[in-house]
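Analysis of the macromolecular model
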Amino acid sequence: MAGKRRTSWVVWLRRAVQTAFLLLFFYLFLRTAYYPINRIGGPVTLFFQLDPLAMLTTWLASHAVAAGMLLSLVTLGVTVLGGRWFCGWICPFGALHNLFTSLRGGRLKARLEAGGYGRWQKAKYYVLAVFLTGALLGVNAVGWLDPFSFLFRSMSTAVYPALNNAVVSLFSWIYDANPGVGPVRVTVVSEPVYEFLRRHFLAVQQPHYFGNVLIGFLFGLVIAVNFYRPRFWCRYICPLGALLGVAGKNPLVRLNKDEEACNNCRLCLADCQGGGNPNTEQWKPAECFYCFNCKSDCPSQAISFGLGKRADPAAIRPVPAASFSGKGVVVK
Amino acid sequence: MIGATIGWIKGFVKPPKEARLDLRRRQLLACGATGLGAAFLFHTHPLGRKRSYNPDLVRPPGSLGEQEFLSKCIRCGECMKVCPTNGIHPTALEAGLEGMWSPVMRMTIGYCEYECTLCTQACPTGAIRALTVPEKQKIKIGLAYFDKNRCLPYAYARTCIVCEEHCPTPKKAIWFEDVQVANLAGEKVMVKQPRVDPDLCIGCGICVNKCVIKGQPAILVSSVGETRNPDNGVLLQSTNPYGG
Amino acid sequence: MCELNRRQFLASVAVPGVISVVGTLQASAPSMAIAHYKAPPADADGIAEEARRLTRRAVDALGGIPRFVSKGNVVWVKPNIGWDRRPEQAACTNPDVVATVIEMCFQAGAKKVLVSDNPCNSAQRTFPRSGIQQAAERAGAQCYFMDDRKFRKMAIKGAKILKEWEIYQDVVEADRFINVAIVKQHSLSKATLGMKNLMGVAGGARNRFHQDINTALADLAGFIRPQLVLLDAVRVLAANGPVGGNLADVKRKDIVAAGVDQVAMDAYGATLLGLKPSDIGCVVEGHARGLGNMNFQSLSPVQLEV
């Protein structure tokens, strides 16, 4: 956090919602293995049904789309109206990148430089264009880079099996080594914990997947580059983000900067997730995730979000400070 | 509020400066060309275009014909997660580069459980179409065949039959011929030599999974005869009373 | 490691211990009972009731469950939960038979009843779809998937071929072992009955047993030595066993048999499939080793009509 400001309540709300959706993703992931009567344990494919990229490419490539995936039109609709809220509040892969981005350290100057818009952020639109063109001809390879496919596939073939193995190995070692002092054994505590984990989180049988090393490695790489640029995947690679950027480039909910209040400190860039350049007059709605970090960080409270444009920047003329008492001029 | 809405609608007609994505037309055309070029390259690869079929590409039951399958599969991994035997894995290049990370059965790790339709329930796009259990049991995903150089009663004059024991079809697709062979000591012993019935076998792979000889089992499943690709068939006429 | 020695010790004590108990009791109480249902119902609830009654009457005819289970015992109940099939398909033990056995154990004062199996299909499917997980938990037993860590390589005393094998630890640590098997046809061993059912406590590469199945089963039977064996023949799988799947292969025999002699029980079970006791290799082998008597008629089994 920049400065000594208290974090805005909107940011806390956003974090809570992101956490909830990330946990929901993990919960649905685990429920995919619950099926006592040959029926899957719940709406486990919910996130894929909300995914307009998967819906669009599948429809283009195969000329038909599963009914459930029409739910993704809601995502598109919300984005056209409001902008890329999905990326900022709902997307679980985005939440994961957000989590690792927030672990970045670094001096303020470096963060300010990294937070701004990078021209390579256009790359994701070109990636999207390649996949959409291929889909027109029946090639649905977008699954390689669709964020939910990427996350679910990585988790199911690589991350979860590795974590499962790590946990089981730990408890097996404790069970075999049986450490303790006299009659007091660690297994008295560790075995009930292990039973609980087995019941709710661990796999019934340790899964093994061919191809897991490459998939796991790519996952690690994608997470690691968040330390190079904030939310690297979301900014530079994600074709779903690109699609939502195209859909949401003219949103009803806009960032408004009070030019009078702003002193160009650029602190709003320190935690900017999407790289939408909130510090400039050229705020880029197609890159903004509506994370509200800028609003929270601004020491002059110059940033606000609302319906429509608060002021046309071209209409603001510099006026002598003595001629008004208010903070800014509202020109309709 | 109304002003904001009007401004918003105007924004679609005449996009304000910051709404421009600034994508260069030339780059976009290059991307389009790349997409088209890749698509045509994929189209002319022998796999997935009915010219050739990879015998190792045994897909989950309910999978559509290969061309259609590839147009729907989003490589999400849901089927891989849900398979109770850990039998579904991501491909490397078995389905060509186009099909990378689409699902394939690996019978040495898992197999297709006879009364299970979970992968057909898990697929979000319908690349594996939803099936009822009776429908699934009529679908062949491949055909088992013996490697007689490795199978115990053929190669080593020993009894085994683990494959037949586990075969789940109501009339077992593996049957025996009782054959008299000579063992090392020159004695005559009776062994049960197994055979696969191509009408009854649905390619589930439990025989492969339970075969005593790990790594390179004495019985394998190849994709030939799979219901989803009629061109990849083998029999002229099926007499299987269970359909398929 | 001290735990392994405890296993060996228990195994070496169990054998003469059980034989002496069986020997004493054989003189006074019946060693085998066969309960048959007079008016077999067709509906599911009726069959469930039939299974419960048959099980209870069969065990009661042997002197009741307190003969086998004492107060404070930890009992291992071993049904067949090997296959991803529903109860009507007769691939796994009837869940109501299993539930009744568990209830009786608690009535005799058992402290804990454990129910599990090392299945051939995936446990998370076989346990619920066979109905046994739900029935066992409702009856108060601990029904759990086996934990890979708890398979221990053990010396199998008296074994001719399975000198050392992975056996599930909880099984040998339990005070009592009750085998609850279903009667099914099997291509290799001709039938899979009580002795074959014991394979479910073994881990490792069990698929190698088939190369000498009769010797391997006799080795296992000599090591485990159940105190009580039940054969579920409410439904039997008469063909295409041990997996089945076709309801036409399932035959209603409406019988539950209980006994202390596992060889005699398997000998009797063979007759339910139209076979002779001498057709079953492990029965012949078990008899030859003195594990039991394959001439079950000589044990004067109590025949009950329920």
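Nothing here was measured: the structure is a model prediction, and the numbers come from that model. (Residues numbered from 1 in each chain as written. Chains lettered and ligands numbered in written order. Predicted model: local features only at pLDDT ≥ 70, side-chain atom pairs only at ≥ 80, totals over all residues.)

**Describing the overall build of chain B**
On a plain count of helices and strands, chain B comes out with 9 helices and 6 strands. By the compact-globule yardstick of 18 Å for 244 residues, chain B is too spread out, its C-alpha radius of gyration being 25 Å. Dimensions of chain B, computed from C-alpha atoms along their principal axes, come out at roughly 95 × 35 × 35 Å. In chain B, once contacts between residues fewer than 6 apart in sequence are set aside, the share between residues at least 24 apart is 67%. (Helix = DSSP H or I, 4+ residues; strand = E, 2+ residues; numbered from the N terminus. Rg over C-alpha atoms; globule rule 2.2 N^0.38 Å. Contact = placed C-beta atoms within 7 Å.)

**Details of the overall build of chain A**
Scanning chain A from terminus to terminus reveals 14 helices and 4 strands. In terms of its C-alpha atoms, chain A occupies a principal-axis envelope of roughly 85 × 60 × 30 Å. Buried positions account for 44% of the 332 residues belonging to chain A. Contacts in chain A between residues far apart in sequence, at least 24 positions, make up 75% of those at least 6 positions apart. (Buried ≥ 20, exposed ≤ 12 C-beta atoms within 10 Å, placed from the backbone.)

**Examining helix α8 (residues 213–224) of chain C**
All names here are of chain C. Helix length check: α8 (12 residues) gives 16 Å between terminal C-alpha atoms against 16 Å at 1.5 Å per residue, within 8%. The buried fraction of α8 is high, at 10 of 12 residues. Listing the buried residues of α8 in full gives Ile 213, Ala 216, Leu 217, Ala 218, Asp 219, Leu 220, Ala 221, Gly 222, Phe 223 and Ile 224. Where α8 ends, the next residue or the one after it, Arg 225, has phi of about 50°, a positive value. (Expected span 1.5 Å × (residues − 1).)

**Some details on the packing of helix α3 (residues 52–62) of chain A against helix α8 (residues 123–136) of chain A**
All names here are of chain A. Two numbers describe how α3 lies on α8: the axes approach to 7 Å, and their chain directions differ by 30°. For the pair α3 and α8, the contacting residues are Thr 57, Leu 60 and Ala 61 in the first and Phe 131, Leu 132, Ala 135 and Leu 136 in the second. Looking at the contact of α3 with α8 residue by residue, the classes come out as 6 nonpolar, 1 polar and no charged. (Axes fitted to C-alpha atoms, helices over the stretch in contact; angles between N-to-C directions. Nonpolar A, V, L, I, M, F, W, Y, C, P; charged D, E, K, R; others polar.)

**What about the interface of chain A and chain C?**
Listed by partner, the interface residues are 5 residues for chain A and 5 residues for chain C. Broken down by class, the residue content of the side of chain A that touches chain C amounts to 4 nonpolar, 1 polar and no charged.

**Observations regarding the interface of chain A and chain B**
You'll often see interface size given as the accessible area lost when the parts meet. Contact residues are listed per partner, giving 60 residues for chain A and 55 residues for chain B. Of all the secondary structure elements, the ones that give two or more residues to the side of chain A that touches chain B are α2 (46–49), α3, α8, α9 (147–177) and α13 (239–247) of chain A. At 7 residues, α8(A) tops the list of elements feeding residues into the side of chain A that touches chain B. For the side of chain A that touches chain B, a count of residues per class yields 31 nonpolar, 22 polar and 7 charged.

**Let's talk about the pairing of strand β2 (residues 74–79) of chain C**
Every regular strand shows the same layout, with side chains that alternate between the two sheet faces. Residue and element names in this part refer to chain C. Of all 6 residues that make up β2, 5 are buried, and the element is covered over most of its length. Bridging between β2 and strand β3 (residues 112–115) involves 4 bridges; their strand directions are parallel. Paired with Val 74 across the bridge in β3 is Lys 112. (Pairing = 2+ DSSP bridges.)

**Things to note about the environment of B:Lys148**
All names here are of chain B. Along the chain, the position of Lys 148 falls in the loop between β3 (143–146) and α7 (152–156). With 13 C-beta atoms counted inside 10 Å, the residue Lys 148 sits in the partly exposed group. For the pair Lys 148 and Val 82, spaced 66 residues apart in sequence, the C-alpha separation works out to 34 Å. Other than its neighbours up to four places away in sequence, Lys 148 contacts Tyr 154 and Ala 155.

**Side note on α13(A)**
Each full turn of the α-helix corresponds to 3.6 residues, which orients residues three or four apart in the same direction. Residues and elements named next belong to chain A. Counting buried residues in α13 gives 8 out of 9 residues, a clear majority hidden from the surface. Here α13 has its buried residues at Pro 239, Leu 240, Gly 241, Ala 242, Leu 243, Leu 244, Gly 245 and Ala 247. Against the buried residues of α13 lie α3, α4 (72–82), α5 (85–90), α8, α9 and α12 (232–237).

**Examining the confidence of the model for chain B**
Chain-level pLDDT for chain B is 91 on average; 96% of the residues reach the 70-or-more range. Scoring the predicted complex yields pTM 0.90 and, for the interface, ipTM 0.92. (pLDDT = per-residue confidence, 0-100.)

**Here we look at the nonpolar core**
With 234 residues, the main nonpolar core has C:Val77, C:Val98, C:Ile102, C:Val256 and C:Ala257 as its most contacted residues. Beyond its immediate sequence surroundings of up to four residues, C:Ala257 is in contact with C:Met32, C:Ala33, C:Ile34, C:Ala58, C:Leu230, C:Leu231, C:Ala233, C:Met265 and C:Tyr268. (Core = buried A, V, L, I, M, F, W, Y, C linked by C-beta atoms within 7 Å.)

**Points about the confidence of the model for chain A**
Detailed reading of predicted coordinates is not advised where the pLDDT is low. Of all residues in chain A, 92% attain a pLDDT of 70 or more, and the chain-wide mean is 89. For residues 319–332 of chain A, every residue scores under 50 in pLDDT, and the model assigns this stretch 14 contacts once sequence neighbours within four places are set aside.

**Focus on the packing of α9(A) against helix α11 (residues 212–224) of chain A**
Residue and element names in this part refer to chain A. Contact geometry for α9 and α11: axes closest at 9 Å, N-to-C directions at 95°. For the element pair α9 / α11, the angle class is roughly perpendicular. Contacts between α9 and α11 involve Arg 153, Ser 154, Thr 157, Ala 158, Val 159, Pro 161 and Ala 162 on the former and, on the latter, Asn 212, Ile 215, Gly 216 and Phe 219. A per-class count over the contact of α9 with α11 returns 6 nonpolar, 4 polar and 1 charged. (Parallel < 35°, antiparallel > 145°, perpendicular 65-115°, else oblique.)

**Thoughts on the environment of B:Cys201**
All names here are of chain B. For Cys 201, the position within the fold is in the loop between β5 (188–196) and α9 (206–210). Judged by local crowding, Cys 201 falls into the buried class, with 23 C-beta atoms found within 10 Å. Residues Cys 201 and Ile 139 lie 62 residues apart in sequence; the distance between their C-alpha atoms is 9.8 Å. Not counting residues up to four positions away in its chain, the partners in contact with Cys 201 are Leu 143, Ala 144, Ala 173 and Val 196.

**Focus: unusual backbone geometry**
Each neighbour pair has its own omega, and for C:Gly241 with C:Pro242 the value is 0°, a cis peptide bond. You can see C:Pro242 is positioned in the loop between β9 (228–237) and β10 (250–259). A positive phi is found at A:Phe292, a non-glycine position, where the angle reads about 70°. In this structure A:Phe292 comes out as buried when scored by C-beta crowding, with 24 C-beta atoms within 10 Å.

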